[in-house]
Amino acid sequence: MNKFIKHSIRKVSLVLIASSIAFSAWAVTLDQAKQQGLVGEMSNGYLGVVVASAEVSDLVDMVNKKRKDIYLNLARKNKITMQQVTKLAGEKSMAKTQSGHLVQNSAGQWVKK
């Protein structure tokens, strides 16, 4: 089981890297949104809106739709639940969040990492 979890974590890591590349057309906008504190990472593996606007909401929706598609594929391929995938992805994305960018704490508040 331990080997299975390590393998799953590796796959999620690779997917997050691949998704970063897939979002390259939006990377500047996503980076700017993170730097400006408009969006933040949540523990469920998805991006959250911190300061609402149509543009920010559209960006978050697009990123989260792509993440969900990736997570569903990972869950199917690895025969694990979506909840397991999003938990691993959330841990990974929170760990990779740059210092000064926002993350959502367990109380649902946005805090700087």
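Please read these numbers as outputs of a predicted model, since none were measured by experiment.

Digging into the environment of Lys34
Phase 1 of the analysis: For Lys34, the position within the fold is in helix 2 (residues 27-35).
Phase 2 of the analysis: What makes Lys34 buried here is its relative accessible area of 18%.
Phase 3 of the analysis: Lys34 sits 67 residues away from His101 along the chain, and the two C-alpha atoms are 6.0 Å apart.
Phase 4 of the analysis: Setting aside residues up to four positions removed in sequence, Lys34 forms contacts with Val39, Glu41, Leu47 and His101.

Comments concerning the sheet that holds strand 3 (residues 102-104)
Phase 1 of the analysis: The four strands lie next to each other as 2-1-3-4, forming an open sheet whose pairing is mixed. Edge positions in the sheet fall to strand 2 (47-49) and strand 4 (110-112), since each of these pairs with one other strand and no more. In this sheet, neighbouring strand axes are inclined to one another by 45° on average, regardless of whether the strands run parallel or antiparallel.
Phase 2 of the analysis: In this sheet, strand 2 lies alongside strand 1 (residues 39-41) in antiparallel orientation, the contact comprising three bridges.

Examining the pattern of salt bridges
Phase 1 of the analysis: Under the definition given, this model contains four salt bridges.
Phase 2 of the analysis: Among the ionic pairs, Glu41 bridges to Lys34, the shortest N-O distance being 3.0 Å. Of the two residues, Glu41 and Lys34, neither departs from the other in class, the shared state being buried.
Phase 3 of the analysis: Across the pair Glu41 and Arg67 runs a salt bridge whose closest N-O atoms are separated by 2.9 Å. Of this pair, Glu41 sits in strand 1 while Arg67 sits in helix 3 (residues 54-78); the two residues are 26 residues apart in sequence, bridging distant segments of the chain.
Phase 4 of the analysis: Among the residues examined, Arg67 registers a relative accessible area of 9% and is labelled buried.

Some details on the packing of helix 3 against helix 4 (residues 82-96)
Phase 1 of the analysis: One way to put it is that helix 3 packs onto helix 4 with a least axis distance of 9 Å and a crossing angle of 120°. Between helix 3 and helix 4, the angle is such that the two are oblique. You can see that helix 3 and helix 4 cross each other, and the crossing is right-handed. Facing helix 3, whose interface residues are Lys68, Tyr71, Leu72, Leu74 and Ala75, helix 4 presents Met82, Val85, Thr86 and Ala89.
Phase 2 of the analysis: Among the residues making up the contact of helix 3 with helix 4, the classes are represented as seven nonpolar, one polar and one charged.

Here is what the cut-offs are and how they apply
- Residues numbered from 1 in each chain as written.
- Predicted model: local features only at pLDDT ≥ 70, side-chain atom pairs only at ≥ 80, totals over all residues.
- Heavy atoms only, no water.
- Helix = DSSP H or I, 4+ residues; strand = E, 2+ residues; numbered from the N terminus.
- Buried < 20%, exposed > 50% of the residue type's maximum accessible area, 1.4 Å probe, protein only.
- Contact = heavy atoms within 4.5 Å.
- Pairing = 2+ DSSP bridges.
- Axes fitted to C-alpha atoms, helices over the stretch in contact; angles between N-to-C directions.
- Salt bridge = Lys/Arg side-chain N within 4 Å of Asp/Glu carboxyl O.
- Parallel < 35°, antiparallel > 145°, perpendicular 65-115°, else oblique.
- Left-handed = near helix turned anticlockwise from the far one by under 90°.
- Nonpolar A, V, L, I, M, F, W, Y, C, P; charged D, E, K, R; others polar.

Shape descriptors only; they carry no functional weight alone.
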